[in-house]
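Coordinate analysis (summary)
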Amino acid sequence: MANKEFYFAIIGHADQPIFEMDFPAGERKTKESEGTRHLNHYIGHAALDIVDEHAFTTTQMYLKMVDKFNEWYVSAFVTASRIRFIILHTHRADEGIKQFFQEMYETYIKHAMNPFYEIDDVIDSVAFEQKAALYGRKYLS
């Protein structure tokens, strides 16, 4: 793969995705990329057990690379409330991913403090998506 590709997901307490985004964000979806999105969803969920194991053995929130499936690396970040941030990536970019996770964690905390948001609800916010796209362009390119 020549292009850097990223798939970011925030996973709730019941292992359900509450936010998903592909990077680069501007690409239009083709039939092939829709199949890739389903594969990414599967890879991310398959790595959740490994993420949980790592989360219980360390005090760090950023777990770095926890798994690899074919050309996809899986990196994770676990919040204090056990919400999991998963990113699948085709190229190693540890420092950029760490910065991205920290910015998205701050954005998630601000969103979660909204009195109309209930934890584990799907995040359907244009402002949240714009922040994710901004941080993706800034740290993942």
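Residues numbered from 1 in each chain as written. Predicted model: local features only at pLDDT ≥ 70, side-chain atom pairs only at ≥ 80, totals over all residues. Heavy atoms only, no water.

**Some details on the overall build of the protein chain**
Looking only at helices and strands, the protein chain features 4 helices and 5 strands. In sequence order, the secondary structure elements of the protein chain are arranged as β-β-α-α-β-β-β-α-α. Here the analysis covers contacts within the protein chain between residues at least 6 apart in sequence; of these, 57% occur between residues at least 24 apart. (Helix = DSSP H or I, 4+ residues; strand = E, 2+ residues; numbered from the N terminus. Contact = heavy atoms within 4.5 Å.)

**Points about the packing of aromatic side chains**
According to the stated counting rule, one finds 14 aromatic pairs in the structure shown. Taking 6.4 Å as the distance between ring centres and 50 degrees as the angle between the ring planes, the aromatic pair formed by F85 and F101 counts as tilted. Placement of the pair is F85 in strand β5 (residues 84-89) and F101 in helix α3 (residues 94-112), with a sequence separation of 16 residues. The class for F85 is buried, based on a relative accessible area of 0%. Over the aromatic face of Y73 sits the side chain of K68, whose NZ or CZ is 5.1 Å from the ring centroid. In this arrangement the basic side chain of R92 is found over the ring face of Y73, its NZ or CZ atom lying 5.7 Å from the centre. (Phe/Tyr/Trp six-rings, centres within 6.5 Å; stacked < 30°, edge-to-face > 60°. Buried < 20%, exposed > 50% of the residue type's maximum accessible area, 1.4 Å probe, protein only. Lys NZ or Arg CZ within 6 Å of the ring centre and 35° of its normal.)

**Some remarks on helix α2 (residues 48-57)**
If you check which residues of α2 are buried, you get L48, V51 and A55. Axial view of α2: buried residues confined to an arc of 55 degrees, hence all on one face. In this structure, α2 carries D49, E53, F56 and T57 as exposed residues pointing more than 90 degrees from its buried face. (Arc of directions from axis to C-beta.)

**Regarding the pairing of strand β3 (residues 62-69)**
As paired elements, β3 and strand β4 (residues 72-78) share 6 bridges and run antiparallel to each other. Its bridge partner being in β4, Y62 is matched across the sheet by F77. The loop that links β3 with its antiparallel partner β4 comprises 2 residues; one of these, N70, has a positive phi angle of about 50 degrees. (Pairing = 2+ DSSP bridges.)

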